[in-house]
Amino acid sequence: MKIFDVSLPLNDKTVIYPGNVGLEISAHHEMPEYATHLSKITMGSHTGTHVDAPRHALPTGASLDKIPLETFVGPCRVLDFTKSVGSVSVEDLKREKVKKTERILVKTQNSLRGFTTFYDDYVFLSGDAADYLAELGVALFGIDYFSVKQRGSKDQRPHTSLLSKNIPIIEGLDLSQVPAGSYTLVCLPLKFTGIEGAPARVVLINAIDENL
Ligand SMILES: [Zn+2]
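Residues numbered from 1 in each chain as written. Predicted model: local features only at pLDDT ≥ 70, side-chain atom pairs only at ≥ 80, totals over all residues.

Draft legend 1. Expanded view of the overall build of the chain. Scanning the chain for helices and strands turns up four helices and twelve strands. For 212 residues, the compact-globule estimate of 2.2 N^0.38 gives 17 Å, and the C-alpha radius of gyration of the chain, at 17 Å, lies within 12% of that figure. If one aligns the C-alpha atoms of the chain with their principal axes, the spans along those axes are about 60 × 50 × 35 Å. (Helix = DSSP H or I, 4+ residues; strand = E, 2+ residues; numbered from the N terminus. Rg over C-alpha atoms; globule rule 2.2 N^0.38 Å.)

This is the structure:
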C-alpha cells in the first residue's frame, strides 16, 4: 500500500489566497509547567488544503459538519489535465468519461508550478464544466489550487453550481507527485461545526495488486 499525502504543509510559508486571513503560528507563553511547547494558531477556514461546504456560497447551505464522511472517504479518480490551458473544460471531462457519483480530483499545471508563491493565472474549473459536473451528480470535486474559480471572475458557477447540489469542493490539493489513476481518497476536514469550510488532511491510497 502506498499513501500519497496531497495536503499542503501549514507553516509561515503557506501561500494564502489574497484577502484571506493569514496563517500565524506563535508560541503560547502561558503554558502548564510540564509542557515545553504549546502553539497559538490563527488562520482562516480556507487555509492550505481545505474543503468548501455549501454554506460557503449559499446563505442557507449545509455547513461542513453536516456532510457525511462517506462522501470524503472512498474510491476516487485523479484526472490528468496538465495539458489544459486556462481552465478545465466540459470537453476535458467528457474525454475522461466522468460518471455520476464519482469522486473527481483534477491535476493541472498548478501542481507542476508548485505552491511556493501565489499566482493569478492558475488553472480553474470553467463555469460550464461546473454545471456539467453538477448536472451529472459527482460526489465530490477537488482541484490543485486555492480556488476552484477564476480569480476576479464574475462567473460564480464553479462554486455555486457544485455547492447547490451539495457537492463539496476540495481546494489546495498538491497532486504533483500523484500519477493519474484510481485511488482511495481519505479527506478528513477538521470538525468545526456550523461553518462553511475547514482545513483537511487529504491522502490518496494506492492499493498495490497483490497478484503482481
Ligand atoms: Zn475555499
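What follows continues from the structure just given.
Draft legend 2. Geometry of the nonpolar core. Judged by nonpolar contacts, the single largest core of 45 residues is most densely connected at Val 51, Leu 133, Phe 141, Leu 162 and Ile 170. The element best represented in this core is helix 3 (residues 127-136), accounting for five residues. Once residues within four sequence positions are removed from consideration, Leu 162 is found in contact with Ala 130, Leu 133, Ala 134, Phe 141, Ile 167 and Ile 169. (Core = buried A, V, L, I, M, F, W, Y, C linked by C-beta atoms within 7 Å. Buried ≥ 20, exposed ≤ 12 C-beta atoms within 10 Å, placed from the backbone. Contact = placed C-beta atoms within 7 Å.)

Draft legend 3. Focus on helix 3. Looking at helix 3, one finds that the buried residues are Gly 127, Ala 129, Ala 130, Tyr 132, Leu 133 and Ala 134. Where helix 3 is buried, its residues touch strand 6 (87-88), helix 1 (90-95), strand 8 (124-125), strand 9 (140-143) and helix 4 (157-163).

Draft legend 4. Highlighting the pairing of strand 12 (residues 197-206). Sheet topology note: the strand 1 (residues 2-5)/strand 12 ladder contains four bridges and is antiparallel. In the sheet register, Ile 3 faces strand 12, and the bridge partner there is Ile 205. Of the pairings in the sheet, the one linking strand 4 (residues 50-52) to strand 12 comprises three bridges and is antiparallel in character. Among the inter-strand pairings, Val 51 is bridged to a residue of strand 12, identified as Ala 198. Where strand 11 (residues 181-189) lies against strand 12, six bridges are found, and the strand directions are antiparallel. (Pairing = 2+ DSSP bridges.)

Draft legend 5. Region of interest: unusual backbone geometry. Phi is positive for Lys 97, close to 50°, though the residue is something other than glycine. You can see Lys 97 is positioned in the loop between helix 1 and strand 7 (103-107). Of note in this structure, Thr 101 is not a glycine but carries a positive phi near 65°. Looking at the element boundaries, Thr 101 is found in the loop between helix 1 and strand 7.

Draft legend 6. Looking closely at the environment of Pro 179. Looking at the secondary structure, you find Pro 179 in the loop between strand 10 (169-171) and strand 11. The exposure class assigned to Pro 179 is exposed, which follows from the 11 C-beta atoms found within 10 Å. Along the sequence, Pro 179 and Leu 79 sit 100 residues apart, while their C-alpha atoms lie 8.7 Å from each other.

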